[in-house]
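Spelled out, the chains give:
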Amino acid sequence: MSTTVQSETDTSHDEPVNARSSPAPSVEPAQPLSSGEQITALVHLYRAEVSRSVRWRTRLDVTTNWAVLTTGAGMTFALGDPEPQRHVVILLSSLLVAYFLVIEARRYRHYDLWQRRVTLLEGSFYGPLLDPASAPVDPAWRATLAGSLREPRYQVSLLQAMGWRLQRNYLWLFLANAVIWLVKIDLHPTPSMSITEFVARAAVGPIPGWMVLLFGVLFNGALLVVAVTSGRRSAIAGPMGC
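On a predicted model such as this, the values are computed, not experimentally measured, just so you know. (Residues numbered from 1 in each chain as written. Predicted model: local features only at pLDDT ≥ 70, side-chain atom pairs only at ≥ 80, totals over all residues. Heavy atoms only, no water.)

Chemist: What's the story with the overall build of the protein in this structure? I'm lost.
Modeler: Regarding its fold elements, the protein presents 9 helices and 0 strands. When its helices and strands are written in sequence order, the protein yields α-α-α-α-α-α-α-α-α. Looking at the 242 residues of the protein, the share that counts as buried comes to 33%. Within the protein, counting contacts between residues at least 6 apart in sequence, those at least 24 apart form 77% of the total. (Helix = DSSP H or I, 4+ residues; strand = E, 2+ residues; numbered from the N terminus. Buried < 20%, exposed > 50% of the residue type's maximum accessible area, 1.4 Å probe, protein only. Contact = heavy atoms within 4.5 Å.)

Quick look at the structure:
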């Protein structure tokens, strides 16, 4: 009896694995959603996208506030005393504001992604839903939205985002810094009497004044080029640019 059991056991070990495995369950095709279920799904999607958009819009305001406070503090310190070397603070303030600009441009790329979805749903789903006579903004809005959900991708480059934020807020901050910087060099400790004296006052330690002024011209000129060449957001992502 024991021999028979042993032989049956050995035989069972020789059986292939596939012969003992259970057949894979068949996958049933997804049932098409009804019209009411589709509308419910789109409503929940819209609420989620609006929440994301608002969250990233708030983050844009945070970096803008940092830039405004930094600019104001630098101007106050530079003009608060006739010491001529205090103009360096405005240069450092401009560099710090430029860093905030880069951070905000990165955040703006996220915001733009979510906001485009919100705009697409509002113009192509809710608009025709409320006014059946109107046509969707994007006739292929379902395919566009599905593609964005499957493979989320930034729609703007970092330089383009920087240009849009410059147009919106930062260009005025850099312009104010540049004007106050030149005024500080010209007036303190006493009004300069010649171009030579003005250039000499712009020196920073061992760096000659002409080199510092050249850096200021190139720095602000580069920002202006980025702002001009980036185009306008309203021409690309709709009229409600921010």
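Chemist: Would you explain the side chain of S192 in this entry?
Modeler: Residue position: S192 is located in the loop between α6 (158-187) and α7 (195-201). One polar contact links S192 to D186, side chain to side chain, over a distance of 2.4 Å. (Polar contact = N/O pair within 3.5 Å; in protein donor to acceptor, adjacent residues only side chain to side chain.)

Chemist: What exactly am I supposed to notice about the packing of α6 against helix α8 (residues 209-229) here?
Modeler: Packed helix pairs are characterised by how far apart their axes lie and by the angle those axes make with each other. Following both chains from N to C, one finds α6 and α8 inclined at 150°, their axes separated by 8 Å at the closest point. The orientation of α6 relative to α8 falls into the category roughly antiparallel. The handedness of the crossing between α6 and α8 comes out as left-handed. Of the residues in α8, those touching α6 at L159, M162, G163, L166, Q167, L171, F174, A178, W181 and L182 are V212, L213, G216, F219, N220, L223, V226 and A227. Residue composition of the contact of α6 with α8, by class: 14 nonpolar, 4 polar and no charged. (Axes fitted to C-alpha atoms, helices over the stretch in contact; angles between N-to-C directions. Parallel < 35°, antiparallel > 145°, perpendicular 65-115°, else oblique. Left-handed = near helix turned anticlockwise from the far one by under 90°. Nonpolar A, V, L, I, M, F, W, Y, C, P; charged D, E, K, R; others polar.)

Chemist: Looking at this structure, I do not really get the nonpolar core. What am I missing?
Modeler: Across soluble globular proteins, nonpolar side chains have a tendency to be buried as a group. Among the nonpolar cores identified, the biggest contains 24 residues, and A67, L101, Y108, L166, Y170, F174 and L223 are the most heavily contacted of them. If you list the elements that add at least two residues to this core, you get α3 (35-79), α4 (87-130), α6 and α8. If you look at the next biggest cluster of nonpolar residues, it comprises 11 residues, including M75, W181, I185 and A202. (Core = buried A, V, L, I, M, F, W, Y, C linked by side-chain atoms within 4.5 Å.)

Chemist: Can you help me understand the side chain of T71 in this one?
Modeler: Locating T71 in the fold gives a position in helix α3. Judged by relative accessible area, T71 falls into the buried class, the value being 4%. With residues near it in sequence (within four places) discarded, T71 still touches S93, V97, L173 and N177.

Chemist: Explanation requested: the environment of T58 in the structure shown.
Modeler: Its location among the elements puts T58 in helix α3. In this structure, the C-alpha to C-alpha distance between T58 and Y111, residues 53 residues apart in sequence, is 9.6 Å.

Chemist: I tried to follow the confidence of the model for the protein on my own but got confused; where do I start?
Modeler: Should the pLDDT be low somewhere, the predicted coordinates at that spot are not to be read in detail. Chain-level pLDDT for the protein is 86 on average; 83% of the residues reach the 70-or-more range. Every residue in residues 1-19 is under pLDDT 50, and counting partners more than four places away or in other chains gives 2 contacts. (pLDDT = per-residue confidence, 0-100.)

Chemist: Would you take a moment to explain the packing of aromatic side chains for this structure?
Modeler: Given two aromatic rings, one states the distance between the centres and the angle between the planes to describe the pair. A full pass over the atoms with the stated rule returns 9 aromatic pairs. Both rings, one in F125 and one in Y126, keep their centres 4.9 Å apart while their planes meet at 75°; by these two values the pair is edge-to-face. By relative accessible area, F125 is classed as buried at 9%. In textbook terms, an aromatic cluster arises when at least three aromatic residues are bridged by ring pairs, as seen for Y46, F125, Y126 and W141. Here the basic side chain of R59 rests over the ring of W56, its NZ or CZ set 4.3 Å away from the ring centre. Between the NZ or CZ atom of R86 and the centre of the ring of F77, over which it lies, the distance is 4.0 Å. (Phe/Tyr/Trp six-rings, centres within 6.5 Å; stacked < 30°, edge-to-face > 60°. Lys NZ or Arg CZ within 6 Å of the ring centre and 35° of its normal.)

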